[in-house]
Amino acid sequence: MIEVKNLTHIYSEDLPHQQKALEDVSFTAGDGEFVGIIGHTGSGKSTLLQHLNGLLKPKTGTIIVDGLDITDKKTSMIEVRKKVGLVFQYPEYQLFEETVAKDVAFGPKNLGLSQEEIDERVRQSITAVGLDYDAIKNMSPFELSGGQKRRVAIAGVIAMNPDVLILDEPTAGLNPKAHQDILNLVTGIHGQGNRTVILVSHNMNDIARICDRVLVMDKGRLAMNGTPKEVFAREEELKSMGLALPDAAEITSRLRKAGMNINEICLTIEEAAEEIAKVRK
């Protein structure tokens, strides 16, 4: 479980251009929960993520992950990395080793594991992201396609075997097939064991379809916290924050405003088609 309590962060504090990036943010994410975070650019999403794995320390507030206070200055960053893995946006830009296997092994090596344990984690992680270990282990990461590079980067994080996996726009910049492949990969990783996954995305269709709960950030504050249906039912509030609805919710909202008797909040095209068919009958 992750418990975030009264988190506040200020950039450039006490300087003329200081900025309050987070203000009194509190929420919990339960064991095995899939949480989506949405918000307009500059809403505080990335700052929040960097607190969740200890890269940033808050001005005030605490973050407890499985009983470990990661905001405590005495807490070892190695212990934090064991519990929380963060996949940055465009993680393939952080690949640097001469082979795929060495790149994926970088994190586990820093945990002080035995070579045997490192090798096993590398093999398991590369396989888990849908790549052929024997075929690519000795290849340079830079010989791979964009989608493959991103899979290798994700493998490097899950090789740390974190309890919590955080992904910042993991499908950004990918073609539609690679986008869906990475999304399938993420949902597959979530289904393995009881790992909590936190996903930041601008794609409302993805958030609506795969998340158990949605957090909405606005101007550094947590504006909403609920199930996808609860959050996307608040259409006017979301649009006032510069956020869109999932396509299905937008279609059914317009039909409702045009006079069609649609009461259900539809999050997928399949749900929308079913609801429209009911009304038409």
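Residues numbered from 1 in each chain as written. Predicted model: local features only at pLDDT ≥ 70, side-chain atom pairs only at ≥ 80, totals over all residues. Heavy atoms only, no water.

Undergrad: Hey, could you run me through the overall build of the protein chain in this one?
TA: Regarding its fold elements, the protein chain presents 12 helices and 10 strands. In terms of C-alpha radius of gyration, the protein chain reaches 20 Å, essentially the compact-globule figure of 19 Å for 281 residues. Dimensions of the protein chain along its principal axes, counting C-alpha atoms only, are 65 × 50 × 35 Å. Taken across its 281 residues, the protein chain has 50% of its residues classed as buried. Sequence-distant contacts, at least 24 apart, represent 61% of the contacts inside the protein chain between residues at least 6 apart. For the protein chain, the accessible area works out to roughly 13500 Å², and carbon and sulfur atoms hold 48% of it. (Helix = DSSP H or I, 4+ residues; strand = E, 2+ residues; numbered from the N terminus. Rg over C-alpha atoms; globule rule 2.2 N^0.38 Å. Buried < 20%, exposed > 50% of the residue type's maximum accessible area, 1.4 Å probe, protein only. Contact = heavy atoms within 4.5 Å. Areas by Shrake-Rupley, 256 points an atom, 1.4 Å probe, with all protein chains shown as cover.)

Undergrad: Help me understand the packing of aromatic side chains, please; the structure alone is not making it clear to me.
TA: Two numbers describe a pair of aromatic rings. These are the distance of the centres and the angle of the planes. Inspection of the entire model under this criterion finds 2 aromatic pairs. Seen in terms of ring centroids, Y90 and Y93 are 5.5 Å apart; in terms of plane orientation they differ by 10 degrees. Their pairing is stacked. Considering the side-chain rings of F96 and F106, the 5.1 Å spacing of their centres and the 85 degrees angle between planes classify their relative orientation as edge-to-face. With F96 in the loop between strand 6 (84-87) and helix 3 (100-110) and F106 in helix 3, the pair connects residues that are 10 residues apart, well separated along the chain. For F96, a relative accessible area of 48% gives the class partly exposed. For F106, a relative accessible area of 40% gives the class partly exposed. (Phe/Tyr/Trp six-rings, centres within 6.5 Å; stacked < 30°, edge-to-face > 60°.)

Undergrad: Honestly, the side chain of R151 in this entry has me stumped. Any pointers?
TA: Residue placement: R151 occurs in helix 6 (residues 146-158). No salt bridge is formed by the buried R151, whose closest oppositely charged neighbour, D181, lies at an N-O distance of 4.2 Å. (Lys, Arg positive; Asp, Glu negative; His and termini not counted. Salt bridge = Lys/Arg side-chain N within 4 Å of Asp/Glu carboxyl O.)

Undergrad: When you look at the nonpolar core in this model, what are you seeing that I'm missing?
TA: What tends to happen in soluble globular proteins is that the nonpolar side chains get buried as a cluster. If you look at the biggest cluster of nonpolar residues, it comprises 50 residues, and the most contacted ones within it are I154, V216 and F232. Apart from the residues within four sequence positions on either side, F232 is in contact with I38, M204, I207, A208, L238, A244, L245, P246 and L267. Listed in part, the 25 residues of the second largest apolar core include V25, V65, V164 and V200. (Core = buried A, V, L, I, M, F, W, Y, C linked by side-chain atoms within 4.5 Å.)

Undergrad: I would appreciate a short explanation of helix 6 in the present structure.
TA: Because each turn of an α-helix spans 3.6 residues, side chains separated by three or four positions in sequence point in the same direction. Taking 1.5 Å of rise per residue, 13 residues should cover 18 Å, and helix 6 covers 19 Å from first to last C-alpha, within 8% of that figure. Of all 13 residues in helix 6, 10 are buried; the element is thus mostly enclosed. Turning to helix 6, its buried residues number three or more, namely G147, R150, R151, V152, A153, I154, A155, G156, V157 and I158. Where helix 6 is buried, its residues touch strand 6, helix 3, helix 4 (115-128), helix 5 (133-136), strand 7 (164-168) and helix 7 (176-191). (Expected span 1.5 Å × (residues − 1).)

Undergrad: Hey, could you run me through the sheet that holds strand 1 (residues 2-11) in this one?
TA: Across a sheet, paired strands are connected by hydrogen bonds in the backbone, their directions being either parallel or antiparallel. Taken together, 4 strands build an open sheet; the order of strands is 2-1-4-5 and the sheet is antiparallel. Edge positions in the sheet fall to strand 2 (19-29) and strand 5 (68-69), since each has one partner strand and no second. As paired strands, strand 4 (residues 60-65) and strand 5 are joined by 2 bridges and run antiparallel to one another. Within strand 5, the position partnered with V65 by the bridge is L68. With respect to the sheet, helix 1 (residues 45-52) is in contact with strand 1, strand 2 and strand 4, its orientation differing from that of strand 1 by roughly 120 degrees. (Pairing = 2+ DSSP bridges. Axes fitted to C-alpha atoms, helices over the stretch in contact; angles between N-to-C directions.)

Undergrad: Can you help me understand the pairing of strand 8 (residues 196-200) in this one?
TA: A regular strand places its side chains on the two faces of the sheet in alternate fashion. Of all 5 residues in strand 8, 5 are buried; the element is thus mostly enclosed. Where burial is concerned, the two faces of strand 8 agree: the one with T196, I198 and V200 and the one with V197 and L199 are both buried. Examined bridge by bridge, strand 3 (residues 34-39) and strand 8 share 4 bridges and lie parallel to one another. Bridge assignment links G36 to a residue of strand 8, and that residue is L199. Once the chain exits strand 7 it traverses helix 7 before rejoining the sheet at strand 8, and the crossover so formed is right-handed. (Right-handed = clockwise from strand over helix to strand, strands pointing away.)

Undergrad: Explanation requested: the pattern of salt bridges in the structure shown.
TA: The tally for this structure, following the rule as stated, stands at 17 salt bridges. Residue E13 pairs with K59 through a salt bridge whose shortest N-O separation is 2.6 Å. Of this pair, E13 sits in the loop between strand 1 and strand 2 while K59 sits in the loop between helix 1 and strand 4, and the two are 46 residues apart along the sequence. When its relative accessible area of 33% is taken as the criterion, E13 is described as partly exposed. The class for K59 is partly exposed, based on a relative accessible area of 46%. Across the salt bridge formed by E23 and R221, the nearest N and O atoms sit 2.8 Å from each other. Here E23, found in strand 2, pairs with R221, found in strand 10 (residues 221-226); they are 198 residues apart in sequence, far enough to count as distant. Here R221 falls in the partly exposed class, since its relative accessible area comes to 41%.

The values reported here are purely geometric and, on their own, carry no functional implication.
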